[in-house]
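Analysis of the macromolecular model
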Amino acid sequence: MRGKYAIKQLSIFLENRKGRLKEVTRVLAEANVNIRALALAESAEFGILRLVVDNPEKARSVLSKEGFTVKEQEVFAVEVPDKPGGFYQVVKALTEADINIDYTYAFVGGKDSAILIFKVPDNLFEKALEMVNQNGIKLVEPIFFYGK
Amino acid sequence: MDWYKKDFLPREDLEAIQLKRLKDTVERVYHLVPFYRKKFDEIGLKPQHIKSLDDLKNLPFTTKQDLRDNYPFGLFAAPMDQIVRIHSSSGTTGKPTVVGYTENDLRVWTEVMYRTYKMANVGPGDVVHNAYGYGLFTGGLGFHYGAEAVGAAVVPSSVGFTKRQLMLLKDFGATILCCTPSYALHLAEVAREEGFDPPKDFLLRAGFFGAEPASEGLRQAVAEAWGIKYFEAYGLSEIIGPGVAASCPEGELHIFEDHFIPEIINPETGEVLPEGQEGELVFTTLSKQGLPIIRYRTKDIASLYKAPCKCGRTVLRMGRIVGRTDDMLIVSGVNVFPSQVEHVLTQVEGLTPNYVIVVDKRGVLDVLEVWVEVDERVFTGDIGSLENLKRKLEEELANALFLRARVKLVEPKTLERSMGKAKRVVDRRELKDIA
């Protein structure tokens, strides 16, 4: 299932310094890369910007060329009803299977659904997909992100 | 004879003592330390060739590298059952520099520290607040035993806990302060923040400051902040610790020459330079048994003056240390070599990073930062692993340097951008110095 549902996410290391976020977004805009989902994790001194974009290869190459440190990782996405309990059912399925969630972020998908992105430990990736699937939760294919 | 009087001997008497002791020391190292025997033999030098003080220049040099190569006890000239104390300083590649003292060496050390304290007439009735670090470094115990020898009461407060130090300084009525000059200034600042007027509210009258270079401006600032007389103490653990030289009431830095012969050499050629000329300071110990050392290259740049001092002392004076022949940094009184930092970074698995050492001041205190570039080799994409890396580096650096360093993770190219190319050390303290 991994081959079918793994989505490439880019993590970009950023110092907590004025103008760095602006610089990343400028580089992507000028390369005509569309950001489909994002999350920003921060510590006291630095941050990590996580992006799912329509063209990860291109994004990675332009960012690296501009001197950013970029890491590509695999995440998966699910679509749940945009109503109370939507997030809960996914977290419950993963937790009951002893799968630790590294982090997750979400956005409203359409009129009545939400898209949730999950990062789990690499060795549990396949198991997580199976669990989600067994619980009748809809997995989102990468084409959803890359296609536009 | 009162030890104090040794600083006032006629030069001929002093030089006679020096020559006798030099001959003894050369005999001792030749027969007891294979390292020196080999070095002497290589140049065909026998102990009996040393006939005058002028022959000193024919002896081979000793370097910090030699101490490291013979880690830990290879240069000791006394069997271990005669060694009663061991100190050490941090090393450049993981191994520290080790120094050993016999009972007699400790007596010599106490004597030179006694003479140091006598510069300010410290004696019974004085309370000496000693805020040099007690431990492997020589500062704490050196100042401690000297103070006891002059009959003062010592408060062994060691370093840190500034507010508690202030309480002790005040409540115990300290009259003499011993610490690094920057810490003395920091103490005064904290005292003022606490609502004190240091010159009025404390009984301090003098202080012995050393272990780090101090500009004229810093000296004046310390003296004024506390309303005290500033005395300088110079030393290095390889020679004995503090107590190699101390400044007199005239402000002249006198070397305790009957125990340590100084020379100034051209650091490139090794040639001895005439009086008054600047060059690398070199010391030969004259009375040490545990670790006698021949022509030790301090890498400190200074000059020597023979003319008698206004204070009446006949022992040589040295000018202020004006620099180093190597890249050693002194941070809060602790010696730091950039190579030590590099060694730690390369030891941490998978890391051969770009880095810059930034020494700065927070208020008047030194801070050491190591900026490490996060490149694709170390960046896993997780906050946690970066924080672990930072913590691990800070831990390893503290172990290697005996000093806390703050690690800052930065983006690639940041260093070049903000520091200019290939610069490994940025010392921002000079810009902020009070002078």
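If you're wondering where the values come from, they're calculated on a predicted model, not measured in any experiment.

What follows concerns the overall build of chain A. In terms of regular secondary structure, chain A is built from six helices and seven strands. Its helices and strands taken in sequence order, chain A reads α-β-α-β-β-α-β-α-β-β-α-β-α from the N to the C terminus. For a compact globule of 148 residues, the expected C-alpha radius of gyration is about 15 Å, and chain A comes in at 16 Å, within 12% of that figure. Taken over the C-alpha atoms alone, chain A extends approximately 45 × 35 × 30 Å along its principal axes. Counting all 148 residues of chain A, 29% fall into the buried class. Nonlocal contacts in chain A, meaning residues at least 24 apart in sequence, comprise 69% of its contacts between residues at least 6 apart.

In terms of helices and strands, chain B carries 13 helices and 21 strands. Compactness check: chain B gives a C-alpha radius of gyration of 23 Å against a globular reference of 22 Å for 435 residues, within 12% of the reference. Projected onto its principal axes, the C-alpha coordinates of chain B cover approximately 70 × 60 × 40 Å. The buried share of chain B, reckoned over its 435 residues, is 48%. A separation threshold of at least 6 residues defines the contact pool for chain B, and within that pool the share at least 24 residues apart is 68%.

A few words on the interface of chain B and chain A. Across the contact, 16 residues belong to chain B and 14 residues belong to chain A. Among the secondary structure elements, those contributing two or more residues to the side of chain B that touches chain A are α11 (383–401) and β20 (406–410) of chain B. Taken together, the residues of the side of chain B that touches chain A sort by class into seven nonpolar, three polar and six charged.

All names here are of chain B. Each assigned domain of chain B is listed here: domain 1 (3–326) and domain 2 (334–432). Relative to domain 2, the C-alpha centre of domain 1 lies at a distance of 31 Å. Counting residues at the interface gives nine residues for domain 1, matched by 12 residues for domain 2. No other element matches helix α7 (residues 181–193), which puts four residues into the side of domain 1 that touches domain 2. For the side of domain 1 that touches domain 2, a count of residues per class yields one nonpolar, seven polar and one charged.

Moving on: the sheet that holds strand β14 (residues 317–318) of chain B. By way of backbone hydrogen bonds, the strands of a sheet pair with one another, either parallel or antiparallel. All names here are of chain B. The strand order across the open sheet built from nine strands is β4-β3-β5-β6-β7-β8-β9-β14-β13, with neighbouring strands paired in mixed fashion. Two strands bound the open sheet, and with one partner strand each, they are β4 (153–155) and β13 (304–305). Against the sheet, helix α5 (residues 139–150) touches β3 (127–130), β4, β5 (176–179), β6 (206–210) and β8 (241–247), its axis set at about 60° to β8.

With that out of the way, let us pick up the environment of Ile-12 of chain A. Residues and elements named next belong to chain A. With respect to the element layout, Ile-12 can be found in strand β1 (residues 7–15). Residue classification places Ile-12 among the buried positions, given that 26 C-beta atoms sit within 10 Å. Along the primary structure Ile-12 and Val-24 are separated by 12 residues, whereas in three dimensions their C-alpha atoms are 8.7 Å apart. Excluding residues within four positions of it along the chain, Ile-12 makes contact with Val-24, Ile-48, Leu-49, Leu-63, Phe-68 and Val-70.

In globular proteins that are soluble, nonpolar side chains generally tend to be buried together. Counting 92 residues, the largest nonpolar core has Val-128, Ile-176, Cys-178, Ala-184 and Val-244 of chain B as the members making the most contacts within it. The contact partners of Val-128 of chain B, leaving out residues within four places of it in the chain, are Val-122, Ala-147, Ala-152, Ala-153, Val-154, Val-155, Ile-176 and Cys-178 of chain B.

All names here are of chain B. Pairing in this open sheet of four strands is mixed, and the strands run β20-β19-β18-β21 from one edge to the other. A single partner strand is all that each edge strand has here, and the edge strands are β20 and β21 (425–427). Adjacent strand axes in the sheet meet at a mean angle of 25° when their direction is disregarded. Pairing of strand β18 (residues 355–362) with strand β19 (residues 365–373) involves eight bridges; the strand directions are antiparallel. Looking at the pairing, Lys-361 lines up with Asp-366 of β19.

Feature annotation in UniProt assigns "domain: ACT" (unreviewed entry) to the following positions: residues 9–85 of chain A. End-to-end, the C-alpha atoms of residues 9–85 of chain A are 26 Å apart, and along that stretch the chain is 27% helix and 45% strand.

All names here are of chain A. Looking at chain A, the domain boundaries give domain 1 (3–73) and domain 2 (76–146). Taken over C-alpha atoms, the centre of domain 1 sits 22 Å from the centre of domain 2. Residue assignment for the side of domain 1 that touches domain 2 shows that the elements contributing at least two residues are α1 (2–5) and β2 (35–42). For the side of domain 1 that touches domain 2, a count of residues per class yields seven nonpolar, two polar and three charged.

Residue and element names in this part refer to chain A. Those residues of helix α3 (residues 56–65) that sit buried are Pro-56, Ala-59, Arg-60 and Leu-63. An end-on view of α3 places all buried positions within 95° of arc, on one side of the element. The exposed residues of α3 that point more than 90 degrees off its buried face are Glu-57 and Lys-65. The inward-facing, buried residues of α3 contact β1, α2 (20–30), β3 (46–53) and β4 (70–81). Of the residues trailing α3, Gly-67 is marked for its positive phi of about 90°.

Right, let's talk about helix α6 (residues 162–171) of chain B for a bit. Residues and elements named next belong to chain B. Of the positions making up α6, those classed as buried are Gln-165, Leu-166 and Leu-169. One side of α6 carries all its buried residues, which in axial view fall inside an arc of 100°. Among the exposed residues of α6, those oriented more than 90 degrees off its buried face are Lys-163, Arg-164, Met-167 and Asp-171. Buried residues in α6 make contact with β3 and α7. Gly-173 sits one or two residues past α6 and shows a positive phi near 65°.

All names here are of chain A. Within β1, seven of the nine residues are buried, which leaves it mostly tucked inside the rest of the structure. Of the strand pairs in this sheet, β1 and β4 are connected by six bridges, and their pairing is antiparallel. Following the sheet pairing, Ile-7 is matched in β4 by Val-75.

Rules used throughout
- Residues numbered from 1 in each chain as written.
- Chains lettered and ligands numbered in written order.
- Predicted model: local features only at pLDDT ≥ 70, side-chain atom pairs only at ≥ 80, totals over all residues.
- Helix = DSSP H or I, 4+ residues; strand = E, 2+ residues; numbered from the N terminus.
- Rg over C-alpha atoms; globule rule 2.2 N^0.38 Å.
- Buried ≥ 20, exposed ≤ 12 C-beta atoms within 10 Å, placed from the backbone.
- Contact = placed C-beta atoms within 7 Å.
- Nonpolar A, V, L, I, M, F, W, Y, C, P; charged D, E, K, R; others polar.
- Domains from an automatic or database assignment.
- Pairing = 2+ DSSP bridges.
- Axes fitted to C-alpha atoms, helices over the stretch in contact; angles between N-to-C directions.
- Core = buried A, V, L, I, M, F, W, Y, C linked by C-beta atoms within 7 Å.
- UniProt positions renumbered as here; feature names shortened; annotations may be inferred.
- Arc of directions from axis to C-beta.

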